[in-house]
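Residue-level listing of the chains:
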Amino acid sequence: MRHLLEIDDLSAEEMAAVLKLSAPSAAPRVLEGLGMGLVFEKPSARTRNSMEMAVVQLGGHPMYIQGSEVGMDTRESVEDVTRTLACYHAAIGARVFAHSTVERMAAVDIVPVVNMLSDQAHPLQALADLLTIETVFGSLAGRTIAYVGDANNVTRSLALAAGMAGMTMRVGAPPGYQFDQVDLDRIAATGLDLVVTDRPEAAVEGADVIYADVWTSMGQEAETEQRLRDFEGFAVTADLLSHAAPDVAFLHCLPAHRGEEVTDEVVDGAASHVWLQAENRMHAARGLLAWLMQENS
Ligand code: CP
Ligand code: NVA
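Below, the structure is looked at part by part. (Residues numbered from 1 in each chain as written. Chains lettered and ligands numbered in written order. Predicted model: local features only at pLDDT ≥ 70, side-chain atom pairs only at ≥ 80, totals over all residues. Heavy atoms only, no water.)

Another point: the overall build of the protein chain. Looking only at helices and strands, one finds 13 helices and 9 strands in the protein chain. For 297 residues, the compact-globule estimate of 2.2 N^0.38 gives 19 Å, and the protein chain sits close to it at 18 Å. Dimensions of the protein chain along its principal axes, counting C-alpha atoms only, are 55 × 40 × 35 Å. Looking at the protein chain alone, contacts between residues at least 24 apart form 76% of all its contacts between residues at least 6 apart. (Helix = DSSP H or I, 4+ residues; strand = E, 2+ residues; numbered from the N terminus. Rg over C-alpha atoms; globule rule 2.2 N^0.38 Å. Contact = heavy atoms within 4.5 Å.)

Given below as structure tokens:
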């Protein structure tokens, strides 16, 4: 059984096939008459809506399930929740706090499990990010992404995907908020040309893409004040954009905390492609599900 817990669960060739299947014209009815259970331990706008619509476009029926309702590890074990949902659904998506939760769901191995964001990874976001860069620039290989901010779940998946696509990445993050050695080793295995710096200007110099995410991720709210202090100087502003390539594209997985990690001027400016990126969440989800269902059939 194939699952998608992190983007490098796919080979580079498989990821390219998924991106190809993400074309708006490709919607094989692989979920005809079937359900997909979507379990959310955290809030979501883009992921829930894009996944629900992707399932519908593939002929299936999406079911939104609150983590608190099924009571993962409180009402019954994560494994028994998974076994139960597999009685009704052909696939399960899960947005969880601990990455180990999606690992445990996948280990049950009855139906494919898709990680819809964990504290470690956001592979569906990375697929949509690549799709967006490909649309904007016409190609991926050789392009440079500068990520400015916290090296978090989004950054980790993006770095792995960028390496698999032959891209270059620079991460500008304060000390203490950069990749650890385990991440660096896993990213290096993709062949990514990666530079990590604590100087945002150095990260974005000549970059094709500047990428931002929130400084405080879901589940880290108690650290908000400390993080606001630690990330001072790491906001993506019009001035920072001026250090990048003249045709730089600004991306953000959203939700944006306008006035913190990015200014209104940048999110709403000519370089911003954040709404195309949000739309691409649906196309990428559909491509991934089409590939995964065919692969497991
Ligand atoms: N980018 C993203 O995953 O958005 P949501 O948290 O709204 O799903
Ligand atoms: N890093 C953010 C991404 C939200 C889509 C979080 O985990 O909250």
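So that's the structure; there's more coming.
This brings us to the site of ligand 2. In the vicinity of ligand 2, the contacting residues are Leu117, Asn152, Asn153, Val154, Asp213, Val214, Ser217, Met218 and Leu254. In the environment of ligand 2, a nitrogen atom lies 2.7 Å from a nitrogen or oxygen atom belonging to the side chain of Ser217. At a separation of 2.8 Å, an oxygen atom of ligand 2 approaches a polar backbone atom of Met218. In isolation ligand 2 exposes 270 Å². Once the protein is present, 95% of that is buried. More than half of the atoms belonging to ligand 2 lie within 2 Å of the grid points that define the largest pocket. For the shell around ligand 2, the per-class residue count stands at 5 nonpolar, 3 polar and 1 charged. (Near = heavy atom within 4 Å. Polar contact = N/O pair within 3.5 Å; in protein donor to acceptor, adjacent residues only side chain to side chain. Areas by Shrake-Rupley, 256 points an atom, 1.4 Å probe, with all protein chains shown as cover. 1 Å grid on protein atoms, 1.4 Å probe; cavity = no way out; pocket = protein on both sides within 12 Å on 5 of 7 lines; lining within 4 Å. Sits in = over half its atoms within 2 Å of the grid points. Nonpolar A, V, L, I, M, F, W, Y, C, P; charged D, E, K, R; others polar.)

The next subject is helix H13 (residues 274-295). Spanning 22 residues, H13 covers 31 Å between terminal C-alpha atoms, matching the ideal 32 Å at 1.5 Å per step. If you look at H13, its biggest bend is around 30 degrees, right at Asn280. Within H13, 17 of the 22 residues are buried, leaving the element largely enclosed by the surrounding structure. (Expected span 1.5 Å × (residues − 1). Bend = angle between axes of the 7 residues up to and from the residue. Buried < 20%, exposed > 50% of the residue type's maximum accessible area, 1.4 Å probe, protein only.)

Time to look at unusual backbone geometry. Here the residue pair Leu254 and Pro255 is connected by a cis peptide bond, since its omega of 5 degrees sits within 30 degrees of zero. As for its placement among the helices and strands, Pro255 is situated in the loop between strand S9 (249-252) and helix H12 (264-267). With a phi angle near 120 degrees, Leu117 is a residue other than glycine that sits in the positive phi range. On the secondary structure map, Leu117 appears in the loop between strand S4 (113-115) and helix H6 (123-137). Since its relative accessible area comes to 6%, Leu117 is described here as buried. Within the chain, Leu254 stands out as a residue other than glycine whose phi angle is a positive 65 degrees.

Right, let's get into helix H1 (residues 12-21). Among all positions in H1, only Glu14, Met15, Val18, Leu19 and Leu21 are buried. The buried residues of H1 all sit within an arc of 160 degrees when viewed along its axis, so they share a single face. Exposed residues on H1 whose side chains face more than 90 degrees from its buried face are Glu13 and Lys20. (Arc of directions from axis to C-beta.)

Turning to the nonpolar core, a few remarks are in order. Generally speaking, a soluble globular protein has its nonpolar side chains buried in company with each other. In terms of nonpolar packing, the biggest core is built from 60 residues, with Met15, Met51, Leu127, Ile145, Met169, Leu288 and Leu289 touching the most fellow members. Residues contacting Met51, with those up to four places away along its chain left out, are Met36, Leu38, Arg46, Val114, Met116, Leu124, Ala285 and Leu289. (Core = buried A, V, L, I, M, F, W, Y, C linked by side-chain atoms within 4.5 Å.)

Taken across its 5 residues, strand S5 (residues 144-148) has 5 buried, putting it largely inside the fold. Both faces of S5 are covered, namely the face carrying Thr144, Ala146 and Val148 and the face carrying Ile145 and Tyr147. The sheet contact formed by S5 and strand S6 (residues 168-172) spans 5 bridges and is parallel. Along S6, the bridge assignment pairs Val148 with Gly172. On the question of chirality, the crossover connecting S5 to the parallel S6 by way of helix H7 (residues 153-164) is right-handed. In this sheet, strand S8 (residues 209-212) lies alongside S5 in parallel orientation, the contact comprising 4 bridges. Within S8, the position partnered with Ile145 by the bridge is Val209. (Pairing = 2+ DSSP bridges. Right-handed = clockwise from strand over helix to strand, strands pointing away.)

This part is about the packing of helix H2 (residues 46-57) against H13. To characterise two packed helices, one gives the angle between the axes of the helices and the distance between these axes. Their axes nearest at 8 Å, the elements H2 and H13 cross at an angle of 45 degrees. As far as their axial angle goes, H13 and H2 are oblique. Note on packing geometry: the crossing formed by H2 with H13 is right-handed. Contact residues: H2 offers Arg46, Thr47, Ser50, Met51, Met53, Ala54, Val55 and Gln57, while H13 offers Ala278, Arg281, Met282, Ala285, Arg286 and Leu289. Across the contact of H2 with H13, the residue classes break down as 8 nonpolar, 3 polar and 3 charged. (Axes fitted to C-alpha atoms, helices over the stretch in contact; angles between N-to-C directions. Parallel < 35°, antiparallel > 145°, perpendicular 65-115°, else oblique. Left-handed = near helix turned anticlockwise from the far one by under 90°.)

For the rest of this paragraph, the subject is the site of ligand 1. Surveying the vicinity of ligand 1 reveals the residues Ser44, Ala45, Arg46, Thr47, Arg95, His122, Gln125, Cys253, Leu254 and Arg281. One of the side-chain nitrogen or oxygen atoms of Ser44 is found 2.6 Å away from an oxygen atom of ligand 1. The cavity that encloses ligand 1 is the largest pocket. The residue makeup of the shell around ligand 1, split by class, is 3 nonpolar, 4 polar and 3 charged.

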